[in-house]
Amino acid sequence: QVQLVESGGGLVQPGGSLRLSCVASGLNFSGYTMGWYRQAPGKQRELVATISSYGRMKNYGVAVKGRFTISRDNAKSTVYLQMNSLKAEDTAVYYCKSMHPLEADYWGQGTQVTVSS
């Protein structure tokens, strides 16, 4: 079965940095676009970033562009989200997602990121 296991969430001060990881299993990782989404309290889930199968194309949500960087290591079946210059409004549960035109989307369990002083 497909499983996405996330790590790296936690508490960080405003202006700080955090790196999230998502390790995938049960799928041919390099064939999937991967993405990060987040859901803050009282808000709907929103796109953070996506990355194409071999990292050639990256897309970012407006709120994080210039501060966050998505990357992937297909040999490790892992997608990363480097978060810099964190703001309180970045506080959310961050979810990893796999996407393929011929397969179902899969979601990770979510990892909490809290930005607070």
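Residues numbered from 1 in each chain as written. Predicted model: local features only at pLDDT ≥ 70, side-chain atom pairs only at ≥ 80, totals over all residues. Heavy atoms only, no water.

1. Section: the side chain of R72
Step number 1: Mapping R72 onto the fold places it in strand 7 (residues 68-73).
Step number 2: Buried and unpaired, R72 has no salt bridge, with D73 as the nearest side chain of opposite charge at 8.3 Å.
Step number 3: From its side chain, R72 meets the backbone oxygen of S52 in a polar contact 2.9 Å long.
Step number 4: Beyond its immediate chain neighbours, meaning those up to four positions away, R72 contacts F29, S30, Y32, T33, M34, I51, S52, S53, G55, T78, V79 and Y80. (Helix = DSSP H or I, 4+ residues; strand = E, 2+ residues; numbered from the N terminus. Buried < 20%, exposed > 50% of the residue type's maximum accessible area, 1.4 Å probe, protein only. Lys, Arg positive; Asp, Glu negative; His and termini not counted. Salt bridge = Lys/Arg side-chain N within 4 Å of Asp/Glu carboxyl O. Polar contact = N/O pair within 3.5 Å; in protein donor to acceptor, adjacent residues only side chain to side chain. Contact = heavy atoms within 4.5 Å.)

2. Things to note about the pairing of strand 4 (residues 33-39)
Step number 1: Within strand 4, 5 of the 7 residues are buried, which leaves the element mostly enclosed by the surrounding structure.
Step number 2: Alignment of strand 4 against strand 9 (residues 92-100), held across 7 bridges, turns out to be antiparallel. By the bridge assignment for strand 9, T33 is matched with M99.
Step number 3: Of the strand pairs in this sheet, strand 4 and strand 5 (residues 46-51) are connected by 5 bridges, and their pairing is antiparallel. Bridged to M34 within strand 5 is I51.
Step number 4: In textbook terms, the turn of a hairpin is the stretch between consecutive antiparallel strands, and for strand 4 and strand 5 this stretch comprises 6 residues, one of which, G42, has a positive phi near 75°. (Pairing = 2+ DSSP bridges.)

3. Focus: the sheet that holds strand 1 (residues 3-7)
Step number 1: Strand order in this open sheet of 4 strands is 1-3-8-7, and the pairing throughout is antiparallel. If you trace the sheet from one side to the other, it starts and ends with strand 1 and strand 7, each paired once. Strand-to-strand twist across the sheet, computed as the mean angle between neighbouring axes with direction ignored, equals 15°.
Step number 2: When strand 3 (residues 18-25) meets strand 8 (residues 78-83), the two strands line up antiparallel, connected through 6 bridges. Counterpart to S21 in the pairing with strand 8 is Y80. (Axes fitted to C-alpha atoms, helices over the stretch in contact; angles between N-to-C directions.)

4. Remarks on the state of the cysteines
Step number 1: Taken as a whole and assessed by the stated rule, the structure comprises 1 disulfide.
Step number 2: Sulfur-sulfur distance for the disulfide between C22 and C96 comes to 2.1 Å. Sign of the S-S torsion, about -85° for the bond between C22 and C96, identifies this disulfide as left-handed. Residue C22 is located in strand 3, and its partner C96 is located in strand 9; the two are separated by 74 residues in the primary sequence.
Step number 3: Judged by relative accessible area, C22 falls into the buried class, the value being 0%. (Disulfide = S-S within 2.5 Å.)

5. Observations concerning the nonpolar core
Step number 1: One finds W36, V79, L81, M83 and Y94 to be the most contacted residues of the largest nonpolar core, which totals 27 residues.
Step number 2: Of all elements in the fold, only strand 3, strand 4, strand 5, strand 7, strand 8, strand 9 and strand 11 (111-115) reach the threshold of two or more residues within this core.
Step number 3: Among the elements that take part in this core, strand 3 stands out by supplying 4 residues, more than any other.
Step number 4: If we ignore the near neighbours within four places in the chain, the residues touching L81 are L18, R19, L20, W36, V48, A49, F68, T69, I70 and Y94. (Core = buried A, V, L, I, M, F, W, Y, C linked by side-chain atoms within 4.5 Å.)

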